[in-house]
Amino acid sequence: MGWGDMEPPNGSAARCFGVFNATDGPQGVQHSITSPWFSTAFGLIGLCSNLFALCVLLSSSRQLSNRARSSFLVFLCGLVVTDFMGLLVTASVIIPYHFIKFSWAKVDPGCHLCNFLGFSMVFFGQCPLLLGATMAGERFFGINHPFSRSTSISKRRAWSIVGLVWGFSCLLGLLPVLGLGRYTLQYPGSWCFLTLLPDTGDIVFCLLFALLGIFSVLLSFIFNTVSVVTLCRVYHDRESVQRRRDSEVEMMVQLVGIMIIATICWMPLLIFMVQTVLQQLPASGQTQLLPAETQKMLLIYIRMVTWNQILDPWVYILFRRAVLQRIYPSLRPRPSILSLYPVLNPSLRRKLTAD
């Protein structure tokens, strides 16, 4: 039984099975877009990349005593774990569908699997954006207020912040279960996501997800820009031309890389979602099927988002001092951040060194 011929067995299933028409468009085009080998290759590359990055992070954290760097590695570790689990959970449903083409109406008549997959897409999609903004904020205060005790984040507190981000994203993903919006099966019938139809609940949930993601990216951009400007001023200070904060620069390079990747991969989808639901507002409640072009564009943008989970770990793997010094041997360790402030009294210097 093909997807176009499938009849939802009850009203509950119709809520998550009836929002697109998979019979639109040539079959050859559909097969080229939804090749199982394409999804499998993406999934394997992403899982291996994140697993490798996690091993490197754990190895680095054991050898590190710098408190600021340690907390930054905790956030990076949280980001890598999120990307890894996101790929693992979604691929465990999407890849089997591409190979066996199971009937969702028979396998999941109550929409429980579809709701779980939609929740996973929202949770593991929003987490990296929020974590990126959190990391940018932590580095902003760490660089611009280096001697404030409130900016010294321990590993335990850093993990607590990561847990709060996970918890907030979890609550966001549970909103359709609580009655705001819904998760529906998306073209070509292999994955579930929030709905772009002009229903009030769907519109609110879609705008909440998209605008929160856009806000996170913009917040990261503002924090990172100010932090980079601060570091550039330190570099060009006449009294400290040779006293560079290598650790801070390394973290900012990695953070800017993560921000650029998130912006390129996520902003097209988020802007597309906002435009789509706002354009459909005049026809509220009338449209029951997404246009074929909208379905295909949504799939393309989701494929772009997948690259975010694949490229994130390589930012840390490649942009480390150990790697960069092999490429550019002229990069040498510089004095610590304390050398930038020679006027500090000895007691304060001993205190900062102890911290």
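What you see is a predicted model; the values in this text were computed from it and never measured.

Student: Would you explain the overall build of the protein in this entry?
Tutor: Helix and strand counts for the protein come out as twelve helices and two strands. Counted from the first residue to the last, the protein has its helices and strands arranged as α-α-α-α-α-α-α-β-β-α-α-α-α-α. Out of the 355 residues in the protein, the part that is buried amounts to 50%. Counted over contacts in the protein with a minimum sequence separation of 6, partners at least 24 positions apart contribute 82%. Roughly 17100 Å² of accessible area belongs to the protein as shown, and the carbon and sulfur atoms make up 66% of that amount.

Student: Explain the UniProt feature "transmembrane region" (unreviewed entry) in the protein to me, please; I cannot follow it from the model alone.
Tutor: In the numbering used here, UniProt assigns the "transmembrane region" (unreviewed entry) feature to residues 37-60, 72-97, 117-137, 158-181, 201-234, 255-278 and 298-319. Note that residues 72-97 is 100% helix and 0% strand, and that its end C-alpha atoms are spaced 38 Å apart. Secondary structure content for residues 117-137 is 100% helix and 0% strand, while the C-alpha to C-alpha distance between its ends is 30 Å.

Student: I'm lost on the pairing of strand β1 (residues 183-186) in this one. Help?
Tutor: Each regular strand carries side chains that alternate between the two faces of the sheet. By the bridge criterion, four bridges tie β1 to strand β2 (residues 191-194) in an arrangement that is antiparallel. The partner of Gln186 across the bridge, within β2, is Trp191. As consecutive antiparallel partners, β1 and β2 are separated by four residues, and within that stretch Gly189 has a phi angle of approximately 95°, a positive value.

Student: What exactly am I supposed to notice about the confidence of the model for the protein here?
Tutor: Any region with low pLDDT has predicted coordinates that should not be read closely. Per-residue pLDDT for the protein has a mean of 78; in total, 71% of the residues score no lower than 70. Every residue in residues 1-13 is under pLDDT 50, and counting partners more than four places away or in other chains gives 23 contacts. Counting contacts from residues 22-32, a segment whose pLDDT is below 50, to residues more than four positions away or on other chains yields eight contacts.

Student: Just to check I follow, could you spell out helix α10 (residues 292-318) for this structure?
Tutor: An α-helical turn contains 3.6 residues, so any two residues separated by three or four positions project in the same direction. Between the first and last C-alpha of α10 there are 40 Å, a value that for 27 residues agrees with the 39 Å anticipated at 1.5 Å per step. Of all the bends in α10, the largest measures some 30° and sits at Ile310, one to four residues before the proline Pro313.

Student: How should I be thinking about the environment of Tyr316 in this particular structure?
Tutor: Tracing the chain through its elements places Tyr316 in helix α10. According to the relative accessible area criterion, Tyr316 is buried, its value standing at 3%. Between the alpha carbons of Tyr316 and Leu76 there is a distance of 8.2 Å; along the sequence they are 240 residues apart. If near-sequence neighbours (up to four positions away) are discounted, Tyr316 is found in contact with Val56, Leu57, Ser60, Arg69, Leu73, Leu76 and Gln254.

Student: Mind showing me how you'd approach the environment of Asn144 here?
Tutor: Here Asn144 is to be found in helix α6 (residues 112-144). Judged by relative accessible area, which is 25%, Asn144 ranks as partly exposed. Leaving out residues up to four positions away in the same chain, Asn144 has contacts with Val226, Ser227 and Thr230.

Student: Which parts of the structure should I look at to understand the packing of α6 against helix α7 (residues 155-173)?
Tutor: Two measures define how a pair of helices packs: the angle their axes make with one another and the distance between the axes. Direction vectors running N to C along α6 and α7 enclose 145°, while the axes themselves pass 8 Å from each other. Judged by the twist between their axes, the crossing of α6 over α7 is right-handed. Facing Phe119, Val122, Phe123, Gln126, Cys127, Leu130, Leu131 and Thr134 of α6, the residues of α7 in contact are Ile161, Val162, Val165, Trp166, Phe168, Ser169, Cys170, Leu172 and Gly173. Considering only residue class, the contact of α6 with α7 consists of 13 nonpolar, four polar and no charged.

Student: How should I be thinking about the environment of Ala158 in this particular structure?
Tutor: Residue placement: Ala158 occurs in helix α7. When residues no more than four places from it in sequence are discounted, the contact partners of Ala158 are Ser71, Val74, Phe75 and Ile153.

Student: Teacher, can you tell me more about the packing of aromatic side chains here?
Tutor: The geometry of an aromatic ring pair is captured by two quantities: the separation of the ring centres and the angle between the planes. Taken as a whole and judged by the stated rule, the model has 14 aromatic pairs. A ring pair is formed by Tyr183 and Phe205, whose centres lie 6.0 Å apart and whose planes are at 75°; its orientation type is edge-to-face. Separated by 22 residues along the polypeptide, Tyr183 in strand β1 and Phe205 in helix α8 (residues 200-235) bring together distant segments of the chain. Plain terms: the ring middles of Phe272 and Tyr301 are 5.1 Å apart, the flat faces sit at 50° to each other, and that makes the pair tilted. In this pair, Phe272 is assigned in helix α9 (residues 246-279) and Tyr301 in helix α10, connecting sequence segments 29 residues apart. A residue is classified by how much of its surface remains accessible, and Phe272, at 13% relative accessible area, is buried. The rings of Trp191, Phe193, Phe209 and Trp266 are connected pair by pair, giving a single aromatic cluster.

Student: Looking at this structure, I do not really get the side chain of Asn308. What am I missing?
Tutor: Tracing the sequence through the fold places Asn308 in helix α10. Not counting chain neighbours up to four residues away, the residues in contact with Asn308 comprise Asp83, Pro128, Ile261, Ala262, Cys265 and Trp266.

Student: Help me out: how do you make sense of a nonpolar patch on the surface in this one?
Tutor: A grouping of Phe52, Val253, Trp314, Leu318 and Phe319 is seen on the molecular surface, where their side chains present a nonpolar patch of about 430 Å² in accessible area. With respect to the helices and strands, the residue Trp314 is situated in helix α10. For Trp314, a relative accessible area of 31% translates into the label partly exposed.

The rules behind these values
- Residues numbered from 1 in each chain as written.
- Predicted model: local features only at pLDDT ≥ 70, side-chain atom pairs only at ≥ 80, totals over all residues.
- Heavy atoms only, no water.
- Helix = DSSP H or I, 4+ residues; strand = E, 2+ residues; numbered from the N terminus.
- Buried < 20%, exposed > 50% of the residue type's maximum accessible area, 1.4 Å probe, protein only.
- Contact = heavy atoms within 4.5 Å.
- Areas by Shrake-Rupley, 256 points an atom, 1.4 Å probe, with all protein chains shown as cover.
- UniProt positions renumbered as here; feature names shortened; annotations may be inferred.
- Pairing = 2+ DSSP bridges.
- pLDDT = per-residue confidence, 0-100.
- Expected span 1.5 Å × (residues − 1).
- Bend = angle between axes of the 7 residues up to and from the residue.
- Axes fitted to C-alpha atoms, helices over the stretch in contact; angles between N-to-C directions.
- Left-handed = near helix turned anticlockwise from the far one by under 90°.
- Nonpolar A, V, L, I, M, F, W, Y, C, P; charged D, E, K, R; others polar.
- Phe/Tyr/Trp six-rings, centres within 6.5 Å; stacked < 30°, edge-to-face > 60°.
- Patch = residues over 30% accessible without salt bridge, like charges linked within 9 Å, V, L, I, M, F, W, Y side chains within 5 Å.
- Salt bridge = Lys/Arg side-chain N within 4 Å of Asp/Glu carboxyl O.

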